[in-house]
Amino acid sequence: MEVKRLLIVGTVPYKKNAPSRAFESYFSNWPRHSIAQIFSNPQQPFKGHCNTLFQVTDKMLLKRWFNSKSHVGKVYHFDKLTAEGSQAPSKDHTNSIISMLYSAGAKHTPLTHLLRALLWKKNFWCTDELNIWLERFNPDCVFLSFSDDFFILDIAMYVAEKFDIPIVSTISDDYYFNDRKSISPLYYIYRVKYKKLVNKIFKKYKYAIYISDKIRDKYNGYFGLKGDTVYLTSELERRNFRSININNPKVRYFGNITLDRYLSIIDIAKVLKSINPQYCIDVYSGIITDDIKAKFDSCGNIVYHNAIPYAEVKELTSDSDILLVLEGFTEHNINSTRYSLSTKAADSLQSGVNVFAYGSKECGLIDYLLKYDACVVCTEKEELKASLLDLIKNEEVQKKYYDKSMEIVRNHHNIETSTGITRSIINQAIEDWTKTH
């Protein structure tokens, strides 16, 4: 079967330790010359699944606002890119006014979304260079990596209409239904405009892939979409079974500590200390506030480390006794993660390490682990000690979940299955579009 040319429109290109690592689950066996991407992240991309990429950033457009002759757009080719490693963002020397405006726009608020909509006016990003690049690639389908910003959706619509091709949306976060109460009129202006644009896309383009069954059922049911779940996969090597070292267990958490996940870490740390004063948690995460750092320090058994490269995460994961998978408990935390299924699911279950999950059962990841009985899961603070003891001191429980996680990975987080579903949905979308247009 002929491989179709796919144009990804999304903010971030493939990166192993970022959410965009999901592209590996979709396109690992797709010919590189048949994939291209338009993206807005300011960093230079690494070698990934695309043969060519076109970058348009906020800073480029800000410069264009101040100088109509300023250049917008940069093309990257696979052969000129480096393999993933530690790499800083490309230097972008701008005057102080532009730098200040750019920094202000880095936060995701209703105001910045609306200002970005002005910044990303079509006549600024839709340049001759972009159109020449698009025409050379000549896509058969747009793969829209959904965003809460307008411009990603606008670009996807422009390309689809220009080439008369379908859009297949990938939905991993609930940007549409996740409303909240606000006293800001800007919030409601943003939500009305955003939902209007999403409705326009889903009225015309009916195919999607999802990160979980939960979000699939919600969007398919509401919008009448034709989509299926493509579970994320993992490249970790599964270690052989080994029981927990009860004298000095290596308990580790990797990832974001926002959405009150840091409070869940503190809850577990206090319980571990009550079990054995020598028990501690190593936390590997990115930006941390002074307030959270002080709370960690006050526990006395939380060792905070900065974020580390994915290669090191894999090594330390395999060397762990217990991996923590955490969510928060407040309504805001739940609404933000209700339908998501993070990359931790595949990595944790594939690793063969003992997994301990703690968070509200309404969060997507916790719900998934409970549904498939994938690991020891605790959803109530009062049950933490009993749940932790059951895992730490019971080798039969450890072996049960070692075997169960292997079964779940084989059934769900399988690279051949995931890429096969992706290709099937994209091919069906193209076939149906060709028949009706």
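Residues numbered from 1 in each chain as written. Predicted model: local features only at pLDDT ≥ 70, side-chain atom pairs only at ≥ 80, totals over all residues. Heavy atoms only, no water.

S.K.: What's the story with the overall build of the protein in this structure? I'm lost.
M.R.: Of the regular secondary structure elements, the protein holds 18 helices and 14 strands. The C-alpha radius of gyration of the protein comes to 23 Å, within 12% of the 22 Å expected for a compact globule of 437 residues. Seen through its C-alpha atoms, the protein measures out along the principal axes to roughly 65 × 55 × 45 Å. Burial statistics for the protein: of 437 residues in total, 52% are counted as buried. Partitioning the intrachain contacts of the protein with sequence separation of at least 6 by distance along the chain shows that 73% fall at a separation of at least 24. As displayed, the protein offers around 20500 Å² of accessible surface, 52% of which is attributable to carbon and sulfur atoms. (Helix = DSSP H or I, 4+ residues; strand = E, 2+ residues; numbered from the N terminus. Rg over C-alpha atoms; globule rule 2.2 N^0.38 Å. Buried < 20%, exposed > 50% of the residue type's maximum accessible area, 1.4 Å probe, protein only. Contact = heavy atoms within 4.5 Å. Areas by Shrake-Rupley, 256 points an atom, 1.4 Å probe, with all protein chains shown as cover.)

S.K.: Which parts of the structure should I look at to understand unusual backbone geometry?
M.R.: With glycine set apart, most residues show a phi of negative sign, and most peptide bonds adopt trans. In this model, Asn 138 sits at a positive phi of 55°, which is unusual for a non-glycine residue. Relative to the assigned elements, Asn 138 resides in the loop between α6 (128–137) and β5 (141–145). Take Asn 138: its relative accessible area is 34%, and that puts it in the partly exposed class. A positive phi angle, near 55°, is found at Leu 259, a position not held by glycine. Looking at the secondary structure, you find Leu 259 in the loop between β9 (251–254) and α10 (261–275). The class of Leu 259 is partly exposed, set by a relative accessible area of 25%.

S.K.: Please explain the nonpolar core as it appears in this structure.
M.R.: The nonpolar side chains of a soluble globular protein tend to be buried, and buried together. Among the nonpolar cores identified, the biggest contains 97 residues, and Phe 27, Phe 143, Val 159 and Leu 369 are the most heavily contacted of them. Here this core takes eleven residues from helix α7 (residues 150–163), the largest share from any one element. With sequence-adjacent residues up to four places away left out, Val 159 is seen in contact with Leu 7, Ile 38, Leu 134, Pro 139, Val 142 and Ile 165. Counting 33 residues, the second largest nonpolar core, distinct from the first, contains Val 251, Tyr 279, Val 283 and Leu 324. (Core = buried A, V, L, I, M, F, W, Y, C linked by side-chain atoms within 4.5 Å.)

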